[in-house]
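Each chain, letter by letter, is given below.
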Amino acid sequence: MTISRRAFVVNGAVAGAGLFIGVQLSGPLLHAQEDSRAPKRPNPNPFDAWIHIKRSGQISLIVAKSEMGQGIKTGLAMILAEEACVDLNAVVVEQAETSPDIYPDLGTGGSSSTREQYTPLRRAGATVRELMITAAAAKWSVPKAECSVKKGVVYHAKSPHKATYGELVEAAAKLPLPDPGKVELKDESEFELIGHATPRVDIPAKVNGSAQFGIDVRVPDMLFATVARCPTFGGKPAHFDAAKAKAVAGVRDVFEIPPLGADMFTAGGVVVVADSTWSAMNGREALEITWDHGAAVSESSDGLRAALREAVQRPGTRVRNDGDVDPVLSNGAKKVEALYEFPLLAHATMEPMNITIHARAGDAEVWAPTQSPDWVQGTVAHVLGLKPDKVIVHTTYMGGGFGRRYMADFPAEAAQIARVLGKPVQLVWSREDDMTHDFYRPAACHYMRGAVDASGRPVAWFHTFSSTAIATWWHPQESPANDESGGARQMPYAIPNVRLEYNPSVSAVPRAWWRSVEHSFNGFAVESFIDELAAAAGKDPYEFRRTLLVKPANWKLKDEEDVDPARLRGVLELAAEKSGWGKPLPKGKGRGIASYHSFGSYFAEVAEVTVKGTDFTIDRIVAAVDCGKIVNPESVRSQTEGAIIYGLSAAVKNEITIKNGAVEQTNFDGYDPLRINEAPPIEVHLVVSKEEPGGMGEPALPPAAPAVANAIFAACGQRPRRMPFQLKTT
Amino acid sequence: MSTIQLIINNSPHQIDVDPYMPLLWVLRDKLNLTGTKYGCGLGLCGACTVHLDGVAVRSCQTAVSSVGTKKITTIEGLSTDNSHPVQLAWIAEQVPQCGYCQCGQIMSAAALLSKTPHPTDDQIDSAMVGNLCRCGMYQRIRRAIYRASAAQGSRSAGHAAQKGA
């Protein structure tokens, strides 16, 4: 069911509505009760999820967390069912509709859902259990201590009394809510769901075509739209002739929409509306447009690469400065320097951007495959001149997110189109649109210098880098040094003299978050360069890292980006052990290792490669994972495999290049992710941990590329320092 | 526009449509069979894979008028209750993440197994190389194909034993 504000308020009057409990997932604890008798909401509303216990005993968790394949609908249900003491299939996670009063925070990103909601949701589940026991004890006039719960039924130990949650809902709704901070949580040794591999609830619909993705939304009388955008970033139509497009069968309308700035950054362009996607695409082909390419037409990847290489020669903003690097670098026994380069990358989700909007007089309905339904709501409302509460966003399944679906550009375009039409319309981006008008992973260049002393210990680490920073795209005046340097700033190895500097570089190419964000290049730089230092020291790269991961006696986690050296060493050792590190390999084969922390989780990965001339194949990846407490091991394994393949696609194949201010790759022929014949087998080994849950959507990605680069070096002595890797003839 | 007869999932359909419209868009926009997905429009990703007389084809590269009397099978026609061995294997191996490419993957795998009941790794590679999975679930896809192959094998072996008895 949908909780609209109106429905919520009147629920008390509706017989059989059951019990609602407001939950504050994004804060420390759930707050207070909203039950069917007392529909008074605090203002502003602190809740961002609702538990609805129905008279059938079924429990709905109504929450705005987007399912994009990470298994969040299953994981959240497991946590709630565990503490509420019900079967997993008694809990359904329902996708919340947008309503700013009811759900203040709706985003899904930053590998945050499980790690932020684990404890609040456990407390919420325990609250349900506590309420039901209290209601049963009162009904039977027995002490609560004599009552217990199993699978949604309360039992009395000293009598045959028993009652289902459904039978107790009405009485429970009249009770005061227990203090959620004091409810008794289960002992973790009693867990029957959390920590046990559990099949995902979204999978059956995904193997028979019934799962509805954004592009599958069908509304009566809907039309389909495409937009011809200027290939050059910042360009716009100077003139267009719609005659031929309008002559295409099925085409209904052609009109121009302006680019939008501020929080949306749309290209604008010429819209073709038709009665099918194909007619809209054909109509667009038939348009005759003269573009005003704008100022960015002079931008090229070659120019950008030169600018990035120049930027790392300049002093930058100092982000970290331990000891004094300069004198040691000039005196160190062995000096090493390296330049690492990273191209722009597209997200290339399998489902291209799309959205369906019906703008009516006074309100609008939106069906969106989005990671940020609240941003969609605000954007659509802004474009249509409505208040946000007049826009309802239904979040659909989405064919990949990876950060791209956090953006609100396609919703803004669709709202511009819907306003003209007044009929439901689905805006569909072609693959070409998707590839050439993404918000790209920044391009970057890292320059590193280091020194090892006569005994082979690293004594200096100087790291300076430049990127087309994300923050400066959105807010040109902002200093992006901190945002861009995550993972480089927390370089975890015990080296006495460390300095990190940053310089932004200018580009007209839009950029934003791409799976693992800045860690995608910072992890490569750190984990390649430590390998280079190990080689200079003549040490085994695993042992070299291991001895440098030292946990100081007084170490404390100060913020979640801090790296616990002991946990990192733990995964490093596990990956080494499971991969057979140190065992001899035939000539032409090599093994490489990398370990890295991001988003609260620790990963070490060992790659095995075979190099033949300038060709190489990745034979195997062994991953060790410490993501704290694990809710669903099946999802942890799956996310590890997926993030590694995503990272390896970038390492060995993918690159977005710019010519005349436009993207050169337009489809999967020019930007081809790994395919089945290129994907290595991946072994995943999980650390049993009592630590708080870490993120899982992203952190397996950063160590994959450096593990492969280090393996290539071990196999042939050549070190790939530029992505995508290309070996030279020796 | 022309009137075209199609047999889709064993049901006859008659539609008035541009004969050059790719089968993909006929299925999705005209017949509301949205399990067949648009991914690239150039036959590069395999998300639009359907069967024509049991052979896997890219529906984005198949003009509707070229289908003729061939029987079209889409994901919706593979089974109505997830009972096809490939669907069962996909669930058992927990293959999909986002799931967008998986209908195409399943159609390619089902076509492979119908011709090659016990494929080798190389045969799996050749049959599946045209199907991209951006979530990177390739080793699960491979395992699921082996699982479906084994299930089919044991089923036909059991069938043969029964017949022999």
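Residues numbered from 1 in each chain as written. Chains lettered and ligands numbered in written order. Predicted model: local features only at pLDDT ≥ 70, side-chain atom pairs only at ≥ 80, totals over all residues.

**Focus on the overall build of chain B**
Here is step 1: A count of helices and strands for chain B gives 6 helices and 5 strands.
Here is step 2: For the C-alpha atoms alone, the extent of chain B along its principal axes is close to 55 × 40 × 25 Å.
Here is step 3: Looking at the 165 residues of chain B, the share that counts as buried comes to 55%.
Here is step 4: In chain B, the share of contacts with a sequence separation of at least 24, taken over all contacts with a separation of at least 6, comes to 61%. (Helix = DSSP H or I, 4+ residues; strand = E, 2+ residues; numbered from the N terminus. Buried ≥ 20, exposed ≤ 12 C-beta atoms within 10 Å, placed from the backbone. Contact = placed C-beta atoms within 7 Å.)

**What to know about the overall build of chain A**
Here is step 1: The helix and strand tally for chain A stands at 18 helices and 27 strands.
Here is step 2: The C-alpha radius of gyration of chain A comes to 28 Å, within 12% of the 27 Å expected for a compact globule of 730 residues.
Here is step 3: Based on the C-alpha atoms only, the size of chain A along its principal axes is roughly 80 × 75 × 45 Å.
Here is step 4: Burial statistics for chain A: of 730 residues in total, 57% are counted as buried.
Here is step 5: Nonlocal contacts in chain A, meaning residues at least 24 apart in sequence, comprise 77% of its contacts between residues at least 6 apart. (Rg over C-alpha atoms; globule rule 2.2 N^0.38 Å.)

**Topic: the sheet that holds strand β23 (residues 601-612) of chain A**
Residues and elements named next belong to chain A.
Here is step 1: Taken in spatial order, the 4 strands line up as β22-β23-β24-β27 in an open sheet, and their pairing is mixed. This sheet does not close on itself; its edge strands, each paired only once, are β22 (589-598) and β27 (682-686). Averaged over all neighbouring strand pairs, the angle between strand axes comes to 20°, with direction disregarded.
Here is step 2: Strand direction decides the pairing type here: strand β24 (residues 615-626) and β27, joined by 5 bridges, are parallel. (Pairing = 2+ DSSP bridges. Axes fitted to C-alpha atoms, helices over the stretch in contact; angles between N-to-C directions.)

**Here we look at the nonpolar core**
Here is step 1: Counting residues in hydrophobic clusters, the biggest one holds 278 residues, and the most contacted among them are A:L61, A:A225, A:A575, A:A623 and A:V708.
Here is step 2: A:A575 has contacts with A:I593, A:A604, A:E605, A:V606, A:V622, A:A623 and A:A624, leaving out every residue within four places of it along the chain. (Core = buried A, V, L, I, M, F, W, Y, C linked by C-beta atoms within 7 Å.)

**Details of the interface of chain A and chain B**
Where interface size is given, it is often the accessible area lost as the parts come together that is meant.
Here is step 1: In this assembly, 48 residues from chain A lie in contact with 46 residues from chain B.
Here is step 2: Secondary structure elements with two or more residues in the side of chain A that touches chain B: α6 (277-286) and α17 (633-652) of chain A.
Here is step 3: A per-element tally of the side of chain A that touches chain B places α17(A) first, with 7 residues.

**Some words on the packing of helix α14 (residues 519-537) of chain A against helix α18 (residues 704-716) of chain A**
The packing of two helices is summarised by the inter-axis angle and the distance between the axes.
Residue and element names in this part refer to chain A.
Here is step 1: Where α14 meets α18, the axes come as close as 8 Å, and the angle between the chain directions of the two elements is 30°. Between α14 and α18, the angle falls in the class roughly parallel. Relative to α18, the crossing made by α14 is right-handed. Between α14 and α18, the residues in contact are G523, F524, E527, S528 and D531 and A705, P706, A709, N710 and F713, respectively.
Here is step 2: Looking at the contact of α14 with α18 residue by residue, the class counts come to 5 nonpolar, 3 polar and 2 charged. (Parallel < 35°, antiparallel > 145°, perpendicular 65-115°, else oblique. Left-handed = near helix turned anticlockwise from the far one by under 90°. Nonpolar A, V, L, I, M, F, W, Y, C, P; charged D, E, K, R; others polar.)

Honestly, it's all geometry; don't read function into it.
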